[in-house]
Amino acid sequence: MRVKIFISIILLSLSPAIIAQRTDTPHIRVVDTLSAKEKSSRIPVILKTELDSLIKVYNATQVQQFIKEPDKEKNNSSNQYLLAGLVIVIGLLGFVIVLFYNQKKIINKLLADFIKRVKSQGTENGLPVEVREKKGKTSQQILENKIADLNAEIHKLSKENDSLNRVVKEYNGIQHVYDSLKHGMLKAYKVKNYPGYDKNRSESSAIQNVLDTENTVANYAYEKFLKPLLAITDANKNSPAKLNDTDRNRLLDLLVSLSFLYIEYLYLRVNDLSIGGKMVERIKSLAGSNGIDNSLLRKLDTEFGSRALVIKMALSKTGMQKLSYPVFDETNLNN
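For every chain, the first residue of the written sequence is number 1, and numbering continues from 1 onward in sequence order. For a predicted model such as this one, the threshold for reporting local features is a pLDDT of at least 70, and the threshold for listing and counting side-chain atom pairs is 80 or more; totals across whole chains, interfaces and linings nevertheless cover every residue. Only hydrogens and water are set aside; all other atoms, that is, all heavy atoms of the structure, feed into the side-chain values.

### As for the overall build of the protein chain
When you go through the protein chain residue by residue, the secondary structure sums to 9 helices and 4 strands. A run of H or I in DSSP counts as a helix once it spans at least four residues, and a run of E counts as a strand once it spans at least two, with each numbered from the N terminus. Overall, the protein chain shows an N-to-C arrangement of helices and strands of α-β-α-β-α-α-α-α-α-α-α-β-β. Any two residues whose heavy atoms approach within 4.5 Å are treated as being in contact. In the protein chain, once contacts between residues fewer than 6 apart in sequence are set aside, the share between residues at least 24 apart is 52%. As displayed, the protein chain has an accessible area near 26300 Å², and 60% of this comes from carbon and sulfur atoms. For the area figures, the Shrake-Rupley method with a 1.4 Å probe applies, and any residue is considered shielded solely by the protein chains shown.

This is the structure we're talking about:
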């Protein structure tokens, strides 16, 4: 008995310590930093960064399933287009119905007015009912004939419209050909250097100036040089060995002069040749078979080297002093 009492007393003395030990058991906390004491005994404590890293590792191991949302914008846009199309179709149908209703209303009004007028005229003249009805039928027939005539006129106008569309297509084809020709001429000719060019005028007028200048140069070359040259060669073709000195010198003069004219003309065509001086004025003066204006030429410079001096010395050695067209490099070779 004494032993039981002794054991009970010991248990009662130890129970507060056991209870205190149970109550003092710390719980796991999540903190941002640790104190020195917590670092030394941090068994139940974990850093927030460590917890975050553990969560990231766990999430990385999990397979994420993405739910693809339907493309609402495309559906919305397609629905908008469909709605707009339906609105347009409904609007067109309504417009056609209104037109048909107005047309029918106008026809009915015309018929009613016409029948009313015929009936009033029949009443005034004392005509019987049968005659008035016949006149009403006749007026309706006349109106139907007018409608048929209008339909025929519409058919005629549609044919004319088709013919006009064909003309427009042909015009577009002609315009394309014209544009191609214009591009080719602008590439082949230095249009801005031709006589009569004006930047304020249209391209068609500039191209016309080019054609006029081409015609002028060709006619001048034929009348002044080629035609006399052919006359001399035809006169001596049966006995060429008997060609006299006068014809021979004249023949050489025509050949050299014609070559100088064509050389100067090439300045209007070739991009590598730069035009300057009074060249445009001289070519313009060729119109109407006018001769060379010496005031538009420079004098031959014999002191300094020039192309014209080389040509002049070569011609002097052949005995040619005067030329019909003595122009080379803006220089008068006759002086």
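### Focus: the pattern of salt bridges
Where charged atoms from two side chains of opposite charge approach closely, those side chains can pair. Throughout this description, the term salt bridge denotes a Lys or Arg side-chain nitrogen within 4 Å of a carboxyl oxygen of Asp or Glu. Taken as a whole, this structure holds 7 salt bridges when the rule is applied. For glutamate 214, the salt bridge identified is with arginine 269, shortest N-O distance 3.9 Å. Note that glutamate 214 is positioned in helix H6 (residues 203-235) and arginine 269 in the loop between helix H7 (245-266) and helix H8 (279-284), a separation of 55 residues in sequence. Buried means the residue's accessible area, taken with a 1.4 Å probe over protein chains only, is under 20% of the maximum for its type, while exposed means over 50%, and partly exposed covers the values in between. Taking the relative accessible area as the measure of exposure, glutamate 214 reaches 17% and is therefore buried. In this structure, the salt-bridge partner of lysine 227 is glutamate 223, at a minimum N-O distance of 3.9 Å. Note that lysine 227 and glutamate 223 are positioned in helix H6 at a spacing of 4 residues, about one turn of the helix. What emerges from the salt-bridge pattern is a single network uniting Glu264, Arg282 and Glu330.

### Some points on the nonpolar core
Counting 35 residues, the largest nonpolar core has Phe260, Leu261, Leu315, Leu323 and Leu333 as the members making the most contacts within it. When residues of this core are traced back to their parent elements, those giving at least two are H6, H7, H8, helix H9 (307-317) and strand S3 (327-328). Of all the elements, H6 adds the most residues to this core, at 9 residues. Think of a nonpolar core as a cluster: buried Ala, Val, Leu, Ile, Met, Phe, Trp, Tyr and Cys residues, connected wherever their side-chain atoms sit within 4.5 Å.

### Side note on the layout of surface pockets
Where empty space is left can be seen by rolling a probe of water-molecule size over the atoms. Size it by volume and the largest pocket reaches roughly 160 Å³. For the largest pocket, the full set of lining residues is Gln103, Ile106, Ile107, Leu110, Leu143, Lys146, Ile147, Leu150 and Asn151. Looking at the lining of the largest pocket, the elements with two or more residues in it are helix H4 (72-125) and helix H5 (129-188). If you tally residues by element for the lining of the largest pocket, the top one is H5, at 5 residues. Cavities and pockets were defined on a 1 Å grid built from protein atoms only: a cavity is a group of points that admits a 1.4 Å probe but offers it no way out, a pocket is an open group of points flanked by protein on both sides within 12 Å along at least five of seven lines, and a lining residue is one with an atom within 4 Å of any such point. Grid points are joined across faces, edges and corners, and a volume is the space filled by probe spheres set on the points.

### Concerning the packing of aromatic side chains
Aromatic contacts are taken between Phe, Tyr and Trp rings whose centres are within 6.5 Å, Trp giving its six-membered ring; a plane angle under 30 degrees counts as stacked, one over 60 as edge-to-face, and the others as tilted. Applying the stated criterion across every chain yields a total of 5 aromatic pairs. Here tyrosine 220 and phenylalanine 225 contribute two aromatic rings whose centre-to-centre distance is 6.0 Å and whose plane-to-plane angle is 75 degrees, an arrangement assigned as edge-to-face. Judged on exposure class, the residue tyrosine 220 and its partner phenylalanine 225 are both buried. Aromatic side chains tyrosine 262 and tyrosine 265 sit 5.7 Å apart centroid to centroid with 45 degrees between the ring planes, which places their arrangement in the tilted category.

### So, the confidence of the model for the protein chain
For the protein chain, the average pLDDT comes to 78, and 77% of its residues sit at 70 or higher. H7 holds the highest mean pLDDT among the elements of the protein chain, 92, whereas helix H1 (residues 2-23) holds the lowest, 56. Note: pLDDT gives the predictor's confidence per residue, expressed from 0 to 100. Across residues 20-24, confidence stays below pLDDT 50; counting only partners more than four residues off in sequence or on other chains, it has 0 contacts.

### Considering H6
For a helix, the expected span equals 1.5 Å multiplied by the number of residues minus one. Along its 33 residues, H6 runs 46 Å from first to last C-alpha, staying within 8% of the 48 Å computed at 1.5 Å per residue. Take the seven residues that end at a residue and the seven that start at it, fit an axis to each, and the angle between those axes is the bend at that residue. Tyrosine 222 marks where H6 bends most, by close to 45 degrees.

### Digging into unusual backbone geometry
Glycine aside, residues mostly have negative phi angles, and peptide bonds mostly take the trans form. A positive phi is found at aspartate 329, a non-glycine position, where the angle reads about 55 degrees. Here aspartate 329 shows up in the loop between S3 and strand S4 (331-332). For glutamate 330, which is not glycine, the phi torsion reads 65 degrees and is therefore positive. The class of glutamate 330 is buried, set by a relative accessible area of 10%.

### Digging into the packing of H6 against H7
For helices, the fitted line uses only the C-alpha atoms of the stretch in contact; every axis is such a line through C-alpha atoms, and the angle between N-to-C directions lies from 0 to 180 degrees. Here H6 crosses H7 at 165 degrees, and the two axes come no closer than 9 Å. Viewed along their axes, H6 and H7 adopt a mutual orientation that is roughly antiparallel. The two elements H6 and H7 meet at a crossing, and its hand is left-handed. For the pair formed by H6 and H7, the contact residues are Glu214, Val217, Tyr220, Ala221, Lys224, Phe225, Pro228, Leu229, Ile232 and Thr233 on the first element and Asp247, Arg250, Leu251, Leu254, Leu255, Ser257, Leu258, Leu261 and Tyr265 on the second. Charged residues are taken to be Asp, Glu, Lys and Arg, nonpolar residues to be Ala, Val, Leu, Ile, Met, Phe, Trp, Tyr, Cys and Pro, and polar residues to be all remaining types, Gly included. Residues of the contact of H6 with H7, tallied by class, amount to 13 nonpolar, 2 polar and 4 charged. Orientation is classified from the angle alone, with under 35 degrees giving roughly parallel, over 145 giving roughly antiparallel, 65 to 115 giving roughly perpendicular, and any other angle giving oblique. Helix crossings fall into two classes, left-handed where the near helix is turned counterclockwise from the far one by less than a right angle and right-handed where it is turned clockwise.

### Quick word on the side chain of asparagine 236
Summarising the element assignment, asparagine 236 is placed in the loop between H6 and H7. Apart from the residues lying within four places of it in its own chain, the contact partners of asparagine 236 are Leu243 and Asp247.

### Quick notes on a nonpolar patch on the surface
Together, Leu82, Leu86 and Ile90 give the surface a local cluster of nonpolar side chains, amounting to about 320 Å² of exposed area. Relative accessible area serves as the criterion here: at 59%, isoleucine 90 is assigned to the exposed category. Within this analysis, patches are made of residues with over 30% relative accessible area and no salt bridge. Like charges are joined at 9 Å or less; nonpolar side chains (Val, Leu, Ile, Met, Phe, Trp, Tyr) at 5 Å or less.

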